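Coordinate inspection notes
In case you want the letters, here they are:
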Amino acid sequence: MRAVREADAAAIEHAVGSASRVLGLGRLSLALWDPGLTRLSVVAEARAGEVRMLAPAGPLAIDGVGDRAFNLRRTVVGSERPGERGRVAVAVPLCDAELTLGILELFDDAPLAEADVARLEALAPLVTRVVQHSRLVSRLDRERAIVAALADVRAAATQATDPGRCGSLICARLEAILPGVRVSLYVMAPGGGQVEYLAAGSEQAWLAEWRAIPLGGDNIVTRAVVAADFEPQRTVGHQSAARYGMLDSVAVSLCDGPHAFGVLIASSPQRIEPEALELLATSARAASVGLALALGVDAQRRAERRARLLATLALADPPDGVRPEAALAWLRGLARSAGEATSSRCLLAVPGTPGGATPLGTPRLGERALDAVQRARASAQAVRDGQPCTLLAIPISVGSPGAQLELGVLTMETNSRAIDPEDEALLTTLVGRVAAAVERGRLAEARKRAEREKDEVLSIVAHELRTPITSLQGFAAASLAGIGGASEARTRRAFEIIERQARRMGGLVSDLLDVTRIERGQLELRRERVDLCALSREAIERVSATAPRHQIELHASGEACAHVDPTRVEQLLLNLIGNAVRYSPAGGPVAVHVVREAAGAVRVDVRDRGVGVLPADRARIFERFQRSAGPDQAGEPGLGLGLYIAREIAVRHGGTLWLAESEVGRGSVFSFRLGGEA
Amino acid sequence: MRRVLIVEDDADISELLTLMVVDAGGEPLRAFAGDEAVAAVAAAGEVAVAIVDLSVPKLKGAALVAALAAQVTHVVVVSAARDAELVASAHNVRACFTKPFDVQALRRCLTELLGDAQSQRDLPPRTA
């Protein structure tokens, strides 16, 4: 604090000027003791009534006679003074009952008469009174200002229910009455361990770096929080403060009862004087009341908003059978509400579509920050618009582990260094509800799909069974009614057809049972050493018996043995050769090649010159209940299970089955490979 | 005119229907695909009845029924297709039998239609 305030300068100037005129001698100098700076500073000089007011000089500008007069509290006359050789100096202390306020010095080239010294001593009490008066006025002014400031602080603290606004008002008031002092407020972060920035009177470079101050160790902030007693904790000349041009730093706890909930920090490029410290302590006490209230109200409001959001959520379930896209849209609305409830930015991030914007909006977050937290729930420090912030990301995934569907990430971004556990709990609940809704939707969809598939399968099965039943029932009824005569040949023919159609029905039923076994993983194999050449020959003979128009050839030499289930592999061969016949309605050659491959594997190719498989059908034909949809398809359509069962048999043997070649109108080659080490 | 066209791709059912046509006093003509059926009618000239399965190769379903209805006196549908009755009612088909069909009922129907066709012999041909 300056030795002479602006308001007091006029009185002092007048006093020194009058004294100089009265004395009419040399140069008169007034130095005052500045309790804040703990030194003597020359504040005014006068010669022949002309006064020059001085700014406070460097440390202890007064020495020699002046210093002695000050310390001895009596007049000292000297003949010398460093740098003033040959001049006379007289120093008279300005004393009140207890303190020496300063000194009045007279410098002249000639020795002074005793009477002049006496006149100077007589003037000293008058000047002392002027100084005392000015100090008193100054003190009264300041105290009035402090009282007003405290009233302001109290008013600000109790009127503003938003903690940030309340804090800003308090800091601004304090900075207004403490020139040069920067005031900021920090409150305890959720979970403790650090205090984080709440408000400041004016923006300072260091605030950007110190958004949060960790507690622990020997520093004024920790000491203030631990003490929790409104006692200013002070550090002078601390390195980290010096980096920002601050000499003196003071921390005062903000307490609600016996516990500190925050800290008031004041910094100044000069020493903060005791009066200012007192003011800061009193202010912290006053500010605590209002701030605690505002913080409490704020916490309560947030709790209410959270409760309201949860209540809304409980009442408004997402529609059942919600698709992931619909669930995300629903969640986006919730994210907005969650942001309002938690006073943060809540955003929904969904995986981007290549070459286009995400349909639900992309959060404007640093990609890296998002990446860091996308895989698992985590919080991370990030920077947005140059300001540090904390990011929490909760992945939204549904399904069981290993078969998860990643819907996106719900992110929450706050200016705090930590995420409020209550907010995190709220977001987790939101995500859980959405995931559950989507899961319900997916299950419902899967159920519907299964129902549809079941209906379709039943319809295919019923349709396929009708054909043999028509023959069975028709020939039996016709025989009974004597249609076509009752000759032995006619009756025999009817029975042949009945037997064949009954076998066909049996085959359909076997296929259906095989599908059930495959799907339950119950297709058992009884493996033995089997010659695939011999097995192929038998299969060809069986098919040839029912396909007189087709020439089926076997191309094989010697033996080609594999460790397989002969019944199942014969079924596989019958399926492939049967298909070759069925899909070459015009007749024509069918060739079966048995090839011994490396490592003991055997490959069998079944080649026909039939209708071929349309390119669009080449993958589909291996699925259950799927049949080639060629427009010229002839023969019996069947259940569409043959290739599915055939491939499953190959796969169960550790082998493969594939469509090796196909050309529409020219025929196909289906191949399978069994045995071998692979 | 007692010709009866049988359009059926299942050989056994075709054989059964042939027996029934002969039994009812008709002259059976067999076709295993839609295009064959249309060609058979064109070659035969007058056909009294066409017994049609809707799910045969090439020309099939409603298109097959429409093509035949313009050329023969009566069309009878014998099919396992789910929409058989719908197709039948849309094309003024005389009767529709769902597989597996009642042999006696089809026999009665054939007898009746062959008698009817005989009596309509001198009338102008029906249009679809």
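Definitions and limits used
- Residues numbered from 1 in each chain as written.
- Chains lettered and ligands numbered in written order.
- Predicted model: local features only at pLDDT ≥ 70, side-chain atom pairs only at ≥ 80, totals over all residues.
- Helix = DSSP H or I, 4+ residues; strand = E, 2+ residues; numbered from the N terminus.
- Buried ≥ 20, exposed ≤ 12 C-beta atoms within 10 Å, placed from the backbone.
- pLDDT = per-residue confidence, 0-100.
- Pairing = 2+ DSSP bridges.
- Axes fitted to C-alpha atoms, helices over the stretch in contact; angles between N-to-C directions.
- Parallel < 35°, antiparallel > 145°, perpendicular 65-115°, else oblique.
- Contact = placed C-beta atoms within 7 Å.
- Nonpolar A, V, L, I, M, F, W, Y, C, P; charged D, E, K, R; others polar.
- Core = buried A, V, L, I, M, F, W, Y, C linked by C-beta atoms within 7 Å.
- Expected span 1.5 Å × (residues − 1).
- Bend = angle between axes of the 7 residues up to and from the residue.
- Left-handed = near helix turned anticlockwise from the far one by under 90°.

Helix and strand content of chain A: 15 helices and 23 strands. Burial statistics for chain A: of 678 residues in total, 37% are counted as buried.

Below, the discussion takes up the confidence of the model for chain B. Residue and element names in this part refer to chain B. When pLDDT is averaged across chain B, the result is 84; 90% of the residues are at 70 or more. Put simply, helix α4 (residues 84–90) is where chain B has its lowest mean pLDDT, 78, and strand β1 (residues 3–7) is where it has its highest, 93. This prediction of the complex comes with two scores: 0.50 for pTM and 0.88 for ipTM.

The next point concerns the sheet that holds strand β23 (residues 667–675) of chain A. Residues and elements named next belong to chain A. Sheet architecture is open: five strands sit in the order β18-β20-β21-β23-β22, paired in mixed fashion. The open sheet terminates on both sides in strands that have one partner only, identified here as β18 (550–555) and β22 (656–663). On average, adjacent strands in this sheet sit at an angle of 15° to one another, irrespective of strand direction. In this structure, β18 lies alongside strand β20 (residues 588–596), joined through six bridges in parallel fashion. Looking at the pairing, Ile552 lines up with Val590 of β20.

Moving on to the packing of helix α2 (residues 34–44) of chain B against helix α3 (residues 61–69) of chain B. Residue and element names in this part refer to chain B. For the pair α2 and α3, the least separation of the axes is 10 Å and the interaxial angle reads 0°. Taken together, the axis directions place α2 and α3 in an arrangement best described as roughly parallel. Contacts between α2 and α3 involve Gly34, Ala37, Val38 and Val41 on the former and, on the latter, Leu64, Ala67 and Leu68. Here the contact of α2 with α3 is built from residues that sort into six nonpolar, one polar and no charged.

This brings us to the nonpolar core. Membership of the largest hydrophobic core comes to 52 residues, with the highest contact counts inside it found for Leu5(B), Val52(B) and Val77(B). Beyond its immediate sequence surroundings of up to four residues, Val77(B) is in contact with Val52(B), Leu54(B), Val65(B), Ala84(B), Val87(B), Ala88(B), Val93(B), Cys96(B) and Phe97(B). With 47 residues, the next largest nonpolar core counts Ala224(A), Ala251(A), Ala260(A) and Leu280(A) among its residues.

What follows is about the sheet that holds strand β9 (residues 212–214) of chain A. All names here are of chain A. Across the sheet, which stays open at both edges, the six strands sit in the order β9-β8-β7-β12-β11-β10 with antiparallel pairing between neighbours. For this open sheet the edge positions go to β9 and β10 (233–236), each flanked by a neighbour on one side alone. Strand after strand, the sheet turns through a mean of 25° between neighbouring axes, direction not considered. When strand β11 (residues 248–256) meets strand β12 (residues 259–268), the two strands line up antiparallel, connected through nine bridges. Note that in β12 the partner of Ser249 across the bridge is Ser267. Across the face of the sheet, helix α6 (residues 220–227) comes into contact with β8 (194–200), β9, β10, β11 and β12 while running at roughly 25° to β11.

Taken together, the contacts link 17 residues of chain B with 20 residues of chain A. Looking at the side of chain B that touches chain A, the elements with two or more residues in it are α1 (11–23) and α5 (103–119) of chain B. For the side of chain B that touches chain A, the element with the highest residue contribution is α1(B), accounting for seven residues. When its residues are assigned to classes, the side of chain B that touches chain A shows ten nonpolar, one polar and six charged.

All right, on to the environment of Glu105(A) then. All names here are of chain A. Looking at where Glu105 falls in the secondary structure, it is placed in strand β6 (residues 100–108). Taking the C-beta count within 10 Å as the criterion, Glu105 has 26 such neighbours and is therefore assigned buried. Not counting chain neighbours up to four residues away, the residues in contact with Glu105 comprise Ser29, Gly66, Ala89, Val90 and Ala91.

The next point concerns helix α11 (residues 421–480) of chain A. All names here are of chain A. End to end, α11 covers 85 Å across 60 residues, agreeing with the expected 88 Å (1.5 Å per residue, within 8%). Roughly 30° is the biggest bend found in α11, and it falls at Thr467, with proline Pro468 one to four residues downstream. Where α11 ends, the next residue or the one after it, Gly482, has phi of about 75°, a positive value.

This part takes up α1(B). With 13 residues, α1(B) should reach 18 Å at 1.5 Å per residue; the first-to-last C-alpha distance of 18 Å fits that figure. Within α1(B), burial applies to Asp12(B), Ile13(B), Ser14(B), Glu15(B), Leu16(B), Leu17(B), Leu19(B), Met20(B) and Val21(B).

As a further point, take the environment of Asp531(A). Residue and element names in this part refer to chain A. Along the polypeptide, Asp531 turns up in strand β17 (residues 528–531). We classify Asp531 as partly exposed; it has 17 C-beta atoms within 10 Å. Taking the C-alpha atoms as reference points, Asp531 and Ala560, 29 residues apart in sequence, are found 5.3 Å from one another.

It is worth spelling out the packing of helix α13 (residues 532–544) of chain A against helix α14 (residues 566–582) of chain A at this point. Residues and elements named next belong to chain A. Close contact between α13 and α14 brings their axes to 9 Å; oriented N to C, the two are set at 45°. Between α13 and α14, the crossing angle belongs to the class labelled oblique. Every pair of crossing elements has a handedness; the one defined by α13 and α14 is right-handed. Facing α13, whose interface residues are Leu535, Ser536, Glu538, Ala539, Ile540, Arg542 and Val543, α14 presents Pro566, Val569, Glu570, Leu573, Leu574, Ile577, Gly578 and Val581. Its residues assigned to classes, the contact of α13 with α14 shows ten nonpolar, two polar and three charged.

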